[in-house]
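Residues per chain are reported as follows:
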Number of protein chains: 2
Amino acid sequence: MSTSSCRRVGLELFKTVPRPQRAHRLWQAFETSQPQKSYSRSFTFQVALRQSAPRTTPKPNPTPKPRIRQISLVAASTSLGLLTLLSTIFQPISPESIEPPTEIPSSPSAETPIGGGNDDGLPRYRLSEIKEHGPKSGRPWVIYEDKVYDITEWVAAHPGGEVILRAAGGCIEPFWDIFAIHKAQYVRDILEQYLVGKVHADDLENGRPLQIAIEDPFGSDPERDTRLRRVTEKPCNAETPGDELAESFLTPNETFYVRNHMWVPVIDETEADSHGIAVELPDGEVKMYSVGELKARFKQHSITAVLQCSGNRRNDMTRHAKKTNGLQWTVGAISCARWEGVRLRDVLADAGLSLGDPGEDARHVQFSGLEAYGASIPIESAIDPRGDVLLAFKMNDKPLPRDHGFPVRVVVPGHVAARAVKWVNKIVVSDEESTTSWQRRDYKCFGPNETKQDWDKYKSIQVMPITSAITRTRLKPEQPDTPRTPEPLVPKLAPTVTTSGRVVQIEGYAYSGGGREIQRVDISLDGGSKWDQANLLDDTKQEQGSRTWCWKRWKYEGVLPDVKADANGDAKTTFVVKATDDAYNTQPETHKSIYNLRGNLATAWHRVDFDCKTGDCWGEKTKQTK
Amino acid sequence: MSTSSCRRVGLELFKTVPRPQRAHRLWQAFETSQPQKSYSRSFTFQVALRQSAPRTTPKPNPTPKPRIRQISLVAASTSLGLLTLLSTIFQPISPESIEPPTEIPSSPSAETPIGGGNDDGLPRYRLSEIKEHGPKSGRPWVIYEDKVYDITEWVAAHPGGEVILRAAGGCIEPFWDIFAIHKAQYVRDILEQYLVGKVHADDLENGRPLQIAIEDPFGSDPERDTRLRRVTEKPCNAETPGDELAESFLTPNETFYVRNHMWVPVIDETEADSHGIAVELPDGEVKMYSVGELKARFKQHSITAVLQCSGNRRNDMTRHAKKTNGLQWTVGAISCARWEGVRLRDVLADAGLSLGDPGEDARHVQFSGLEAYGASIPIESAIDPRGDVLLAFKMNDKPLPRDHGFPVRVVVPGHVAARAVKWVNKIVVSDEESTTSWQRRDYKCFGPNETKQDWDKYKSIQVMPITSAITRTRLKPEQPDTPRTPEPLVPKLAPTVTTSGRVVQIEGYAYSGGGREIQRVDISLDGGSKWDQANLLDDTKQEQGSRTWCWKRWKYEGVLPDVKADANGDAKTTFVVKATDDAYNTQPETHKSIYNLRGNLATAWHRVDFDCKTGDCWGEKTKQTK
């Protein structure tokens with residue numbers, strides 16, 4: 001294949017197809033490309049990590065610019081579907097390095113070197129041979145630099161799921177160029193143990209094979225509000241800043257936190273109503289609905305619901321326990337909006353599901369999104385008349401923004417936002433959970449000691465446990481007409497003790513899943529020794545839905561305790577917040593006790609260090625001056 | 001009234017009346033005797049406690065045996081109903097004294113002394129005058145010794161609710177003789193501040209008024225299994241011992257924990273099927289059902305459900321935080337049984353309630369029991385098709401034992417057992433909660449600092465939060481054929497360090513309300529530093545119901561850590577258990593953080609001190625040798 005036959009893949013390939021029939025074709029192609037029963041593989045993510053020590057001494061990273069060989073992806077991928085092939089990327093995982101391996105791995109079962117032997121003892125393969133180890137080969141290989149890796153064993157352990165398969169048969173660098181998150185030594189270490197050979201010298205130029213050019217699918221991502229705190233760029237993960245969280249009950253669409261696993265699909269506004277969703281029942285019957293049809297035929301419902309990432313406050317766990325593997329969110333991977341759409345249960349009933357007796361085969365409802373993300377919820381949640389699960393078109397009275405699922409997303413109130421699949425185009429009622437790693441692996445919690453993760457041991461996170469956080473602290477200006485003790489906050493000649501006596505204002509949120517209402521928020525200004533109750537804001541007029549799906553904002557004003565100043569003159573105390581819901585669930589006291597490698601559900605008491613003298617606080621990673 | 005007109009009140013008065021019409025009359029009488037809107041009173045229990053310092057120097061307790069004047073209760077009480085009058089007792093409260101008052105109380109608004117003045121400045125009242133301050137007078141008085149108290153302000157604060165009113169107009173001692181729990185100085189202190197005068201000398205004999213004889217209603221209580229650990233005798237409150245908890249998934253009826261607020265109503269087995277339940281809808285419509293009719297007309301359902309007192313493990317909170325006011329349960333105020341009966345929702349629907357749209361007036365379902373206890377649950381719980389709320393007739397395949405509600409009780413799985421009203425004879429669908437103090441006061445949790453309890457601030461405990469407990473520990477016998485380190489457990493010449501190395505077996509339970517399944521139990525043998533997971537017992541074959549209403553038993557076997565021996569040669573370590581449910585709710589780490597005056601929901605990690613050398617443990621109040 002020569003460069004002359006190349007054609008750059010246009011961004012239009014990332015756009016959805018507007019007609020239901022075409023959407024149907026798309027997911028059919030997607031379905032076809034997914035290997036069956038992949039989860040029966042016993043190899044696990046963690047086991048892989050423990051085996052990640054490189055077998056050979058790592059070489060310095062050679063960085064010659066690879067020649068770009070542009071090929072006709074369109075021609076090469078008709079059987080898989082264009083979008084499917086372009087989905088050949090990795091799910092982002094944490095930029096943080098994972099815990100160092102504690103065991104020396106056994107040698108992987110590399111194939112016996114055959115043909116093209118060399119002084120390094122590794123076999124040489126032609127690109128044509130490697131290409132045969134494609135997504136459907138059953139023994140997928142990838143090329144990195146000039147080396148060939150058999151990733152068969154790794155697929156099931158890949159945090160991004162089986163989308164990795166779509167890189168099979170060729171070079172992996174173009175995908176890593178996009179998902180830069182993979183450019184970390186630990187990813188190289190993992191790959192290294194699957195080394196099976198090298199690319200044949202006849203297919204190398206300047207020591208590198210020709211590579212496929214892939215246009216950056218993130219190029220068409222929407223503009224984002226500069227107030228959002230970026231955690232990763234591609235895909236975009238960005239949290240709502242504390243001030244915005246404190247400011248309003250309904251988070252404005254512009255500052256609603258963004259959690260993307262991939263790029264943002266492009267759907268033209270004029271084609272939104274013809275975007276299609278396929279609904280499949282356990283008997284295999286499929287019924288197609290366009291967004292326009294859903295809007296026209298079903299009753300519209302509004303609910304006010306929080307969406308929260310399972311990793312919200314993960315950075316808190318990292319700081320207070322130890323390193324966690326995942327996006328280092330502070331307190332802003334949570335937001336609240338009013339959602340409007342149709343009830344999933346109404347649509348399922350229309351599609352033919354008996355809500356009264358859905359049957360033994362109807363145990364889960366799986367959702368797939370246009371960008372290849374997928375997840376599921378239990379049937380009970382899906383059809384609960386008081387569950388309020390929506391196929392939502394509107395967010396805070398406006399059409400869904402592109403970052404939040406335009407033209408239609410699932411909203412599963414009270415559940416982890418990972419189930420609220422965006423850009424949904426397929427719904428399957430099944431006897432099993434979604435087979436994606438986002439369903440069966442990523443969103444689970446293990447015990448503090450459980451570094452070997454038996455993925456089937458625990459349930460996927462669905463209903464969220466209670467949490468709370470401080471989002472804003474302000475040292476109240478001193479009243480000029482209020483006589484105060486004349487002594488300075490930090491006496492110049494006695495820097496070890498200070499009596500502040502000043503008033504601090506603290507704001508924050510508390511939230512519990514499952515529709516549980518927050519009924520008490522306890523505040524401590526001295527690290528948890530003395531407690532008082534915060535004032536819960538009455539936002540009830542803005543609440544809608546069968547249960548309490550929203551958060552409770554709170555405010556507290558109190559006199560700072562007397563604290564000792566340290567050598568630098570900082571007079572530090574620790575603010576603590578913990579909440580109680582109407583089932584009297586409370587938060588765990590320490591992150592240490594709920595530590596898990598993935599840093600999920602970091603719901604321990606929220607602690608913020610505060611300088612009584614200056615009003616500075618060290619809530620998260622950095623000291624922030626208020 | 002002379003002693004010649006006396007008639008002893010027979011125990012048959014405590015028996016139920018078998019015909020529905022008679023049951024209907026009973027609760028009508030009960031209803032009539034209840035003052036309306038009593039909860040609008042702002043006076044609270046805690047305020048009362050804080051005002052409980054006696055206004056006058058307490059006098060030494062004079063204890064002359066009062067003369068007994070037996071009167072015809074039957075004649076005197078026709079308007080109230082016999083049972084109602086005999087219900088004139090106090091709800092048991094904790095034998096533990098309450099926290100000492102921290103504020104000097106303001107003087108109660110005692111009435112200005114009038115008539116019969118004396119050198120103590122207190123007015124004197126004739127018994128006939130006092131009798132006019134009866135239950136319905138609006139200004140109830142009681143006599144204790146020779147003194148008269150206006151308890152108007154106290155009624156709303158009385159932990160036993162308004163049943164205290166039925167002592168109004170006469171002496172209170174006969175009731176305290178039965179509910180000996182009141183014979184505590186703090187109860188006297190509370191009463192003392194309501195002193196308004198003394199009994200007129202003409203009505204005294206040896207310095208005491210004549211008193212009414214009341215036959216002990218507990219005389220007909222059933223025999224109880226001697227294995228039950230008694231917490232109070234009258235009423236009977238007794239917990240299941242640890243060995244029994246560990247032994248079986250379904251707690252045998254004989255050792256199922258007993259929580260009685262009063263005596264056990266007597267219903268003859270031959271009359272069980274004619275016991276009546278009145279069901280009242282918001283429109284006032286009442287429909288009567290006999291137990292026989294319920295059994296015949298409605299589908300029978302079986303569920304396996306835990307019942308747990310909100311005070312389970314209260315003694316743990318007392319030990320680890322500070323004194324709590326309530327029955328000092330250890331880990332045995334919880335048991336699990338299979339319940340069989342009819343669904344409440346089916347009965348409500350039959351009575352005319354629209355389950356699909358019960359209406360704005362249908363917000364709570366109130367239950368009353370024959371012995372005057374009452375409580376309610378939210379309508380959503382009552383009519384939830386997956387809520388499994390039963391009117392149960394059977395317990396572990398046998399008719400309900402008398403202690404557990406024979407012939408019919410409510411079972412509200414996943415909720416606090418305080419809602420599972422026994423000997424139920426009235427069900428009211430209402431726009432408000434049951435007005436009893438058991439609904440609106442006793443079963444709530446306040447913040448650790450909240451000693452002034454604003455009862456309307458928090459919701460009644462319904463769905464139970466997650467908890468767990470160690471019920472049995474055993475030091476595994478050393479294997480004679482296993483060579484061990486020859487050094488003794490406690491080296492004779494070095495008593496400060498011991499290496500035990502022996503294996504301990506630990507058993508226990510974990511439970512979460514709301515139908516949530518336990519998915520992980522973490523165990524630490526070293527006080528919470530290192531963790532491991534317990535083996536969850538598979539009792540799934542015995543589980544029945546729409547959700548997981550039962551507990552999870554667990555076992556753990558581990559090697560004891562190396563511990564230092566103290567001066568006595570005891571080598572103590574602390575075992576800890578904490579659990580996680582399928583919504584990833586976890587237990588709070590310390591009782592201090594969830595402390596509340598009533599000691600409700602003592603769900604912190606369960607800690608048991610263990611002597612590695614002897615196998616002794618100090619799980620609860622006393623050291624127990626295994």
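Residues numbered from 1 in each chain as written. Chains lettered and ligands numbered in written order. Predicted model: local features only at pLDDT ≥ 70, side-chain atom pairs only at ≥ 80, totals over all residues. Heavy atoms only, no water.

Under an unreviewed UniProt entry, the name given to chain A is Nitrate reductase [NADPH], and the organism recorded is Xylaria hypoxylon. Its UniProt record gives chain A the following Catalytic activity (unreviewed entry) comment, quoted word for word: "nitrite + NADP(+) + H2O = nitrate + NADPH + H(+)". Looking at chain A in UniProt, the text filed under Subcellular location (unreviewed entry) is "Mitochondrion intermembrane space". (UniProt positions renumbered as here; feature names shortened; annotations may be inferred.)

To continue, consider the overall build of chain A. Secondary structure summary: chain A contains 13 helices and 28 strands in total. A buried classification covers 61% of the 626 residues belonging to chain A. Across chain A, every contact between residues at least 6 apart in sequence was considered, and the portion connecting residues at least 24 apart equals 75%. (Helix = DSSP H or I, 4+ residues; strand = E, 2+ residues; numbered from the N terminus. Buried < 20%, exposed > 50% of the residue type's maximum accessible area, 1.4 Å probe, protein only. Contact = heavy atoms within 4.5 Å.)

The next point concerns the nonpolar core. One finds A:L348, A:V365 and A:I427 to be the most contacted residues of the largest nonpolar core, which totals 63 residues. A total of four residues in this core trace back to one element, the largest contributor, which is helix α11 (residues 344-351) of chain A. (Core = buried A, V, L, I, M, F, W, Y, C linked by side-chain atoms within 4.5 Å.)

Take the interface of chain B and chain A next. At the interface, 39 residues of chain B touch 39 residues of chain A. Buried surface at the junction of chain B and chain A, summed over both partners, amounts to about 3100 Å²; 48% is from carbon and sulfur atoms. Taken as a group, B:K459, B:R520 and B:Y584 account for 19% of the area that chain B buries against chain A, more than any other trio of residues on that side. Across the chain B-chain A interface, the total number found is four salt bridges. Joining chain B to chain A, the criterion identifies 18 residue pairs in polar contact (both at pLDDT 80 or more). The biggest single contributor to the side of chain B that touches chain A is strand β25 (residues 518-524) of chain B, with three residues. Classifying every residue of the side of chain B that touches chain A by side-chain character gives 16 nonpolar, nine polar and 14 charged. (Buried area = accessible area lost by both parts, 1.4 Å probe. Salt bridge = Lys/Arg side-chain N within 4 Å of Asp/Glu carboxyl O. Polar contact = N/O pair within 3.5 Å; in protein donor to acceptor, adjacent residues only side chain to side chain. Nonpolar A, V, L, I, M, F, W, Y, C, P; charged D, E, K, R; others polar.)

Ordered by their spatial adjacency, three strands build an open sheet running β10-β11-β12 (chain B), and the pairing between neighbours is antiparallel. The outermost strands of the open sheet, each flanked by one partner alone, are β10 (229-232) and β12 (258-259) of chain B. (Pairing = 2+ DSSP bridges.)

With that settled, consider the environment of A:V279. Residues and elements named next belong to chain A. Mapped onto the secondary structure, V279 falls in strand β10 (residues 276-280). Overall, V279 belongs to the buried group, its relative accessible area being 1%. Sequence separation between V279 and V428 is 149 residues, and the spatial gap between their C-alpha atoms is 5.8 Å. Other than its neighbours up to four places away in sequence, V279 contacts E285, V286, K287, Y289, V347, L348, A351 and I427.

So, on to the pattern of salt bridges. Tallying each qualifying case throughout the model produces 76 salt bridges over all chains. Put simply, A:D243, A:E247, A:R472, A:R474, A:E507 and A:K555 are held in one network by salt bridges that share partners.

The amide bond that connects A:K234 to the next residue, A:P235, takes the cis arrangement and shows omega of 0 degrees. When you line up the elements, A:P235 lands in the loop between β7 (229-232) and β8 (237-239). Here the bond from B:F406 into B:P407 is cis, since omega is 10 degrees, no more than 30 degrees from zero. On the secondary structure map, B:P407 appears in the loop between β20 (398-399) and β21 (409-411). Non-glycine residue A:Y584 carries a positive phi angle of around 55 degrees. Classification of A:Y584 as buried rests on a relative accessible area of 6%. Backbone geometry at A:L601 places phi at a positive 50 degrees, although glycine is not the residue there. Here A:L601 is to be found in the loop between β26 (572-581) and β27 (606-611).

This part is about the environment of A:E145. All names here are of chain A. With respect to the helices and strands, E145 occurs in the loop between β2 (141-144) and β3 (147-150). Among the residues examined, E145 registers a relative accessible area of 5% and is labelled buried. Measuring from C-alpha to C-alpha, the distance between E145 and R208 comes to 6.0 Å, with 63 residues separating the pair along the chain. Engagement of the side chain of E145 in a polar contact is seen with the side chain of K147, the distance being 3.4 Å.

Burial runs high along helix α7 (residues 185-192) of chain A: seven of the eight residues are buried. Buried within α7(A) we find A:Y186, A:V187, A:R188, A:D189, A:I190, A:L191 and A:E192.

Turning next to the state of the cysteines. Residue and element names in this part refer to chain A. By the definition in use, this model includes zero disulfides over all chains. We note that C336 lacks a disulfide partner, and the nearest cysteine sulfur, in C550, lies 5.5 Å from it. C336 sits in the buried class, given a relative accessible area of 0%. (Disulfide = S-S within 2.5 Å.)

Turning to helix α12 (residues 344-351) of chain B, a few remarks are in order. Residues and elements named next belong to chain B. Along α12, the residues that are buried comprise L344, R345, V347, L348 and A351. Along α12, the residues classed as buried sweep out an arc of 160 degrees about the axis, all on the same side. Once α12 ends, the next one or two residues include G352, with phi positive near 120 degrees. (Arc of directions from axis to C-beta.)

The next subject is the relation of the copies chain B and chain A. Overlaying chain B with chain A gives an RMSD of 0.1 Å, the required rotation being 180 degrees about an axis along which the chain moves by 0.0 Å. Taken together, the rotation and translation relating the two chain copies correspond to the operation of a two-fold axis. Among all residues of chain B, the minimum C-alpha distance to the rotation axis is found for B:P588, at 2.5 Å. (Least-squares fit on C-alpha atoms with pLDDT ≥ 70 in both.)

On to a negative patch on the surface, then. A surface patch of like charges, here negative, comprises A:D357, A:E360, A:D361 and A:D431. Take A:D357: it is sitting in the loop between α11 and β14 (364-369). (Patch = residues over 30% accessible without salt bridge, like charges linked within 9 Å, V, L, I, M, F, W, Y side chains within 5 Å. Areas by Shrake-Rupley, 256 points an atom, 1.4 Å probe, with all protein chains shown as cover. Lys, Arg positive; Asp, Glu negative; His and termini not counted. Charge placed at Lys NZ, Arg CZ, Asp CG, Glu CD.)

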